[in-house]
Amino acid sequence: MQHTYLRYECADTFSLTTSAATTSTPTTSPLAFLPSSSDKLLSTAGSYLLGLNLRTHQPILKMGHRQLLSGGVGTGRALNSDEILCVLVHFFEEDTKKQQQQQQQQYPQQQHNEGRGEGYDEGYYKICTGWKDGSVRIWDGTIQELSQQTSTSSTYGSHGGINSNNSTVHSLLMQSNNPFSNSDTEKEPLVLNGHSDSPVRCLAIDDAGIASRLASGGSDGTIVLWDIVAETGLFRLLGHRAAITDISFVSKLGSSSSSSSGSMGHRAAITDISFVSKLGSSSSSSSSSNDDGNHYDTTTTTTTTTNNNYSELFNAMDILVSSSLDGLIKIWDLNGQCCTQTIASHRGEVSCHSILNMKPDPISSSIHQQQQGGEGGSGRCRMVTGCADGQVRVFAIRKSNRMLSQEEDTKARKEIQNEGKIANDDAIQHIQKDTQDQQDMDTENTNIKGSYWETQITNAIQSQRSDYDDICHYMGTIPPPPNVATSNEKISSIQYHPNGKFLAFCRSNGRNIDVYAIRSERESHRKRTRRLRRLREKEGKVEAGGSVATEGDNAQSSHRGTKRGILDDIEEEDEDNLDEGDMESKHNQETSLLLPKEELKASDEYEYVGSIRCSHKVKGFAFSLKKDKSQSKIDTGGGKGAGFLRIACALATNAIEIHSLSKQINTNKKTTQPAQYLIEKMSTLDMYGHPTGIRSIALSSDDTLACSVSKNMAKVWNVANRSCQQSLTLSTGTRKANCYCLCSSFLPGNEYVVIGTREGSICILHIASGDIVYVEEKAHDGAIWSLDVKRPLPHEGERIAIMTGSADCKVKFWDLEMQGEDSSSDSETDDSDDSDDDGNTKKQQSSSSSIHSGHPMVVHTRTLETKDDVIAVRYSHTKSSSSSETQTQRLVFVSTLDCQIRVFFDDTLAFFLNLYGHSLPALAIDSSDDGTLLVSGGADKTIKIWGLDFGDTHKTLHGHDDSITDIKFVNGTHNFFSVSKDHSLRYWDADRFEMILILNGHMAEISCLSVSRTGAFVLTGGMDRQIRVWERTKDIVFLEEERERELESILDKVDGRREDKDTASLLNNSLKRRDNPEMEDMDDDDEEGNKKNPQSEAAVKRSILSISAGDRIMEAIELADQESMNTMISSKNKKTQISSSNPLLLGLEPPQYILWILRTVKSAELEPSLLVLPLGHVERLIVYLVKLLRSGRGVEICARVSIFLIKVHQHQIISSKKLLIPLRELRRLLKLRLIQARDTIGYNLAAMRVLEKVAKDRKQQYYIPDANTTKQDIWSDLGLGSDLAASLQKK
């Protein structure tokens, strides 16, 4: 009979505030502010998105996703074992502010929208996350629901159980069926798989319209464009040779956003990510390498029409910008799915970039209009890039020179036509007197002459531009901060503030975040004008030889006391002292000195504000979405503060620092000094995370508390609600030097924790007060690698003892006594080596004992010396029976550096057994509670099971891929857990010598584990600074199925990349054959030899889930065929028989059953699952789709499946004669049903607009209409037809 076990699954994780410092794949967007307010922050924390309240410094939200396992294995509620790398928040605000203002103007006595805040409570949000396994997960909902979720502070319950109202606790042991039922993860996220198991490093969402497009960049150098509404991948862009660091959609230039989408929140959330979508007529364009060249033909007779078509093409162009570690920045045309410009001027890896659109300045727009004689200013679009050489480069995104030449050429032609109109009329009257042949010849010469002049003008315009097709133009580098020490470290993150007034960037190994203010367009022109004027003045002085000195030079002799550069702004002080009117007049007088906008330099637009100094290395940062006006900052001149901006910084110490950026307002109007900014540190969120890797974790006897220790930090956690009860920085000695904690354990009573350090000290921590009540300095001369507490048996009257093993080749035993008691008798047994020779130390110990009287202390009793360093020590967990005859003695196990494990008797320390067999030292040992087995895990990656009767080796287990760091038995069983540096937790059976489970989830090596008293859960801690909770479920584990799943996962990893390429090439070849009929007769080998490197391919990914979905579709088709055949046979049978339907069809007709199966497949996996179908099943599926369309069921999914199948298998389907009639019927039915669906949707949308308007009016009106109130027409400005409006009015 096969033995079964209960499954353990990951339920939760904590002790990780931000994973920006621990992840092996760095990203630029580990933080994002929530749209509901400026004091709620999202942080990537392993497998979770952790929501933090910046006011209370407590976690308020956890967003995760369940583990996706094939074959229906497990409970389906386990936490995903992958890691979140980047986060993006995008929101849409409902346009209600204008309606509120109109109502307040009409009815000022009424109060509207009480308590709605500043407009952020209404709208919708999308939270997009990129994962390490190559998937993209998207949560969406309303901002009001999110505000309610985050406003409910996490109220922690008592030590006894889990508080169900806490949204930060996820447990599989709760009564609820869904562990995420009390958080925003109750909604199943949209999962998109398109990257070939490569981590998703960056995300960007198109903020135009309803934000239906999403782009993701992976570490394999590919970019996938997604349709969020259709839940499918559009295509994959190829071209980069290294990991993608940032991607950006460029928004419409020169105009505000047409929709009410929150592009401000989008830029803040994605830090360095934005989209270039649909460049406007005033925006910049990329050089088009489109196949259609008619738009560039300037010699045709339809010149005006051609230019208009090009302008329309330019307006509809979708631009995507991507940067990569290969040192390139590529500009992509999404319509043509090709790269139109490549920037290769960076000197190393391009680590990040950011794009910002700035609205035009009215004054600068009028000046530009006067100078150019055309339309006003078009605003600015700037791209800032960070490189490995430490330089921050600025690029201007504007119209390409091809578009500019087209516009100038059109103006030149109009001028020529107007000037030559009169001359052409006189020539025509003279030509009419001649013959018809001569008239035709003269007319032809005139056309040739006109074409000649047009060609000359066009060539003259083109000859002035070398970068004819570029839309990104280099503007220079941002100057480094003055009087601030800077380094050449690479730029790790760049971000614009949502309001477009600030720019900040940080370096990879730096602590500073440099903040720059962005000058307005008017100020930038003034700065450039002064710079050019000074440059010309200096050039004139150089030409004159410097012999003539003007009065102005004599007046400025004081400024020329030292050598200065040509860019030094010595006249800025004089202009700043002018009034506002004088400045405008002076600015208007200098319009003749204005040069074209592209000649602006980065130093003209960016001004250094200050630097944010963090306590540790910065790994990422994020700007708040709006100002916080709840507090006032320091002002000058008695002004009132206008609020401040929050800047959240993710540090390398697993902490988040919050800094404020405020502007000091000067109320003195007589002086026009430049604005001064104040940067201050507000708070630090380090309570809920370890600064370094966790070295040890211990559970209390009642499983309610857990203690975890790291380098110099000890934290006590409430296991029930994952809250941190105490956090203490350990320090010893008179100088309070920090201690490096290595091991820990609870003392009996669960009131104290004993900790061993690398400095050889023993510390006792009081949990209630959070103080160190006792420190035994120099307990060992080396690091204390392991300790264990002997809990006395009830009937023996033993004392509580502690055993410590150190690198000084000694194992010391300590008794626990209360401070203040007479311990002279015990101190006599101390060795002379361990006595305190320093009198000051004795005085310090006596003073500390008086202060902490009543708390425990340790007293050295015995010492066991070994030949090598002691690695691990452990007491046997033998439980004596009631009969003294059957009572066994307690044993002591000592593992040393010589790869041996020695066993001693506890009472006499007499030698009992010597266990040898490991080729490298045993790092962890533990014994079963019945005292019959001992397990050891060594650095040789093996686990050995020893018998304690004779010291024989029962079995050597292999499975881990790296050193085993800890091992623990489950109480009452011979099953044990082991953790290793290979990031895995494994569950073993010591009786049958089998591995039961492999549990993955940690992102780094696991250093410790602790098993609960009943075995209900297991805690593991690792160098990734997180603690994972593994809970025992009711799901049964079958070993054969587990081995099959392991093999499937191995095969999926090995063949995943190859299958993805084959799938994409299959779709690309089918499309090429459809577009090029010449390729139909070409073999696959010839095609592979002649093909070029494509720039795009289909965004599909084959996985085990998609293959299983394809198998279900094939089984459904076979069942439907069998049922149809049985129905046909029974109908032909003359005898009356009652045909029983197949119960597997769930009482549905065959076409309906196939439709039900298709709907069970996830939308993102539908196309990959259809690729699994053979041609015979495809033919049968098309027949069933025709039947479904006849009945009008599942029109949308039937259309999607039929179009995809015909696109992929078009040649095989067309060559099949038996599908000619179904294909014709399918075409007719698809057109008919889609037209009907379109009409229905249009009718419903029109009705919903009416209902929405009426509902808003009724919701926002708080008055009683009187007789004088005019009747409001609800059908106005809705775009409805007269027939539809009349029908709705009747209804």
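Everything that follows concerns the structure shown earlier in this document.
Residues numbered from 1 in each chain as written. Predicted model: local features only at pLDDT ≥ 70, side-chain atom pairs only at ≥ 80, totals over all residues. Heavy atoms only, no water.

Novice: What is the right way to read the nonpolar core from this model?
Specialist: The tendency in soluble globular proteins is for nonpolar side chains to be buried as a group. Core analysis: the biggest nonpolar cluster contains 39 residues, and Ile1113, Leu1158, Leu1170, Leu1181 and Val1201 have the highest contact counts within it. Breaking this core down by element, the ones donating at least two residues are α18 (1104-1132), α19 (1150-1160), α20 (1166-1170), α21 (1175-1191), α22 (1195-1208) and α24 (1220-1260). Element by element, the count of residues in this core is highest for α21, at eight residues. Those residues in contact with Val1201, other than ones at most four positions away along the chain, are Leu1158, Leu1166, Leu1170, Leu1181 and Leu1185. By size, the runner-up hydrophobic cluster in this structure holds 33 residues, among which are Ile84, Phe91, Leu146 and Ile658. (Core = buried A, V, L, I, M, F, W, Y, C linked by side-chain atoms within 4.5 Å. Buried < 20%, exposed > 50% of the residue type's maximum accessible area, 1.4 Å probe, protein only. Helix = DSSP H or I, 4+ residues; strand = E, 2+ residues; numbered from the N terminus. Contact = heavy atoms within 4.5 Å.)

Novice: Even after reading the chapter, I still don't get the sheet that holds strand β32 (residues 696-699), so can you show me in this structure?
Specialist: Within a sheet, neighbouring strands are paired by backbone hydrogen bonds and run either parallel or antiparallel to one another. Spatially, β32-β33-β34-β35 is the arrangement adopted by the four strands of the open sheet, whose pairing is antiparallel. Of all strands in the sheet, those with a lone pairing partner are β32 and β35 (723-729), marking the two edges. Looking at each pair of strands side by side, their axes are set apart by 15° on average, direction ignored. With four bridges connecting them, β32 and strand β33 (residues 705-709) associate as antiparallel partners. The residue of β33 that forms the bridge with Leu699 is Ala706. (Pairing = 2+ DSSP bridges. Axes fitted to C-alpha atoms, helices over the stretch in contact; angles between N-to-C directions.)

Novice: When you look at the sheet that holds strand β22 (residues 392-397) in this model, what are you seeing that I'm missing?
Specialist: Taken together, four strands build an open sheet; the order of strands is β20-β21-β22-β23 and the sheet is antiparallel. What marks the edges here is a single partner per strand, and that holds for β20 (350-358) and β23 (472-477). Put simply, the sheet's adjacent strands are angled 25° from each other on average, direction ignored. Bridge count for β22 against β23 is five bridges, and the pairing is antiparallel. Each bridged residue has a counterpart across the sheet, and for Phe395 the counterpart in β23 is Tyr474.

Novice: Sorry, what's going on with the environment of Thr1020 here?
Specialist: As for its position among the elements, Thr1020 is in strand β59 (residues 1017-1022). Note on Thr1020: relative accessible area 0%, which makes it buried. A C-alpha to C-alpha distance of 7.1 Å links Thr1020 and Ile1006, two positions 14 residues apart in sequence. At 2.9 Å, the side chain of Thr1020 forms a polar contact with the side chain of Trp1030. (Polar contact = N/O pair within 3.5 Å; in protein donor to acceptor, adjacent residues only side chain to side chain.)

Novice: Honestly, the packing of α18 against α19 in this entry has me stumped. Any pointers?
Specialist: The description of two helices packed together rests on the angle between their axes and the distance between the axes. Contact geometry of α18 with α19 gives a least axis separation of 9 Å together with a crossing angle of 170°. By the angle between their directions, the pair α18 and α19 is classed as roughly antiparallel. Contacts between α18 and α19 involve Arg1112, Ile1113, Ala1116, Ile1117, Leu1119, Ala1120, Glu1123 and Ser1124 from the former and Pro1150, Tyr1153, Ile1154, Ile1157, Leu1158 and Thr1160 from the latter. For the contact of α18 with α19, the residue count by class is 10 nonpolar, two polar and two charged. (Parallel < 35°, antiparallel > 145°, perpendicular 65-115°, else oblique. Nonpolar A, V, L, I, M, F, W, Y, C, P; charged D, E, K, R; others polar.)

Novice: Explain the packing of α18 against α21 to me, please; I cannot follow it from the model alone.
Specialist: Here α18 crosses α21 at 65°, and the two axes come no closer than 10 Å. For the pair α18 and α21, the sense of crossing is left-handed. For the pair α18 and α21, the contacting residues are Met1114, Ile1117, Glu1118, Ala1120, Asp1121 and Ser1124 in the first and His1177, Arg1180, Leu1181 and Tyr1184 in the second. (Left-handed = near helix turned anticlockwise from the far one by under 90°.)

Novice: Explain empty space enclosed by the protein to me, please; I cannot follow it from the model alone.
Specialist: With a probe scaled to a water molecule rolled over the atoms, the places where space remains empty come into view. Under the defined criterion, the tally for this structure stands at five cavities of 30 Å³ or more. Thr13, Phe14, Ser15, Leu50 and Lys62 are the residues nearest the centre of the largest cavity, which is lined by 15 residues in total. Contributions of two or more residues to the lining of the largest cavity are made by β1 (5-14), β4 (48-53) and β5 (58-63). (1 Å grid on protein atoms, 1.4 Å probe; cavity = no way out; pocket = protein on both sides within 12 Å on 5 of 7 lines; lining within 4 Å. Points joined across faces, edges and corners; volume = space filled by probe spheres on them.)

Geometric values such as these leave the question of function open.
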